[in-house]
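Summary of the model geometry
The lines below spell out each chain.
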Amino acid sequence: MTVATLAAGALALSLTGCGDGAAPVERLGGATPKATQPTTTASPSPSGAPGDEAYRKWGLKAPLEFAPKPAQKPALVPAAPGKAQVVDRIPVPPTDKVVFLTFDDGAEKDPEFLKMAADLKLPISMFLTDNIASSDYGHFEKLRDNGSGSTINNHTLTHPNLRTLPFAAQKKEICGQQEHLEKRFGSKPVRFRPPYGNYNDDTLKAASECGISQVVLWRVSMQINNFQYAEGSALKPGDIILAHFRGPSELKGSTEIQMTTRMLQRIQEQGYRIGRLEDYL
């Protein structure tokens, strides 16, 4: 029985979709490696600070703070031979209050969100599902190319619970999306997120064979108004935050922009900066 199977059901998030699944802290089967204090380069944000008025325009009371790119990347739990590496939190020092933004699926394609993300210079790691996002991949291409350092990553072809599928079917879901993303965007991603956070050893092997080096999970998810935590009741340094490209029909009337504004407000209220995930991996 795999570590992931033992952890299944430990954390069920209130929104349906990617947010369901076991607590990623348990899936790793061990403690996060001890953090080492990285030296950093001086840079206010991934691609320059947002304009002075941008934060007010999008409902924030103060400018966002961005973590500079570390000169030395934190030490991660190494991958097992023939399998992709699993990452659910970045092991930064406890005094380094940095978190990372990730958005999944691709159902909502709000043009106003493109403006928000560009104005605020939000570095978003996108994990796209083909049958959900492909109706307008151009939307996510614009988000990737807005100067914030955002990236496009793999989230399968059809968003199945991979743990219920045999190896060949898992590989088809992962490699199939690799091929779609390469054809549309020019390169295959090296990072993958399993739907619902559910995976097993076959998933890690299939991902590796499809050219994936890292399986990216999370310990905090953004719901409609507030965070839901896998452990504790507050953000922790290095947390990877899960959010979704969702609209009013899935957010009980709230818009993607309103949900994101609340998420950014919660980050600010807890005194955290936003980092670019790929700079730490």
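Structural data are supplied above this passage.
Predicted, not measured: the structure shown is a model, and the values here were computed from it.

In this section: the overall build of the protein chain. Each helix and strand counted, the protein chain has nine helices and ten strands in total. Counting across all 281 residues of the protein chain, residues that qualify as buried make up 55%. Across the protein chain, the fraction of contacts at a sequence separation of at least 24, relative to all contacts at a separation of at least 6, is 75%.

Turning our attention to the packing of helix α4 (residues 111-120) against helix α9 (residues 256-269). Packing of α4 against α9 brings their axes to within 9 Å, and their N-to-C directions diverge by 25°. One element, α4, and the other, α9, form an angle in the roughly parallel class. The way α4 lies across α9 gives a crossing that is right-handed. Contact with α4, carried on its side by Glu112, Phe113, Met116 and Leu120, involves Glu256, Ile257, Thr260, Thr261 and Leu264 of α9 and no other residues of that element. In terms of residue class, the contact of α4 with α9 is made up of five nonpolar, two polar and two charged.

As enumerated under the stated definition, the model contains one disulfide in all. Between the sulfur atoms of Cys175 and its disulfide mate Cys210 the distance is 1.8 Å. Its S-S torsion of about -100° marks the bond between Cys175 and Cys210 as left-handed, since a negative value means left-handed. Residue Cys175 is found in helix α7 (residues 167-185), and its partner Cys210 is found in the loop between α8 (201-209) and β6 (214-216); the two are separated by 35 residues along the sequence. Classification of Cys210 by relative accessible area gives buried; the value is 6%.

The rules behind the values
Residues numbered from 1 in each chain as written. Predicted model: local features only at pLDDT ≥ 70, side-chain atom pairs only at ≥ 80, totals over all residues. Heavy atoms only, no water. Helix = DSSP H or I, 4+ residues; strand = E, 2+ residues; numbered from the N terminus. Buried < 20%, exposed > 50% of the residue type's maximum accessible area, 1.4 Å probe, protein only. Contact = heavy atoms within 4.5 Å. Axes fitted to C-alpha atoms, helices over the stretch in contact; angles between N-to-C directions. Parallel < 35°, antiparallel > 145°, perpendicular 65-115°, else oblique. Left-handed = near helix turned anticlockwise from the far one by under 90°. Nonpolar A, V, L, I, M, F, W, Y, C, P; charged D, E, K, R; others polar. Disulfide = S-S within 2.5 Å.

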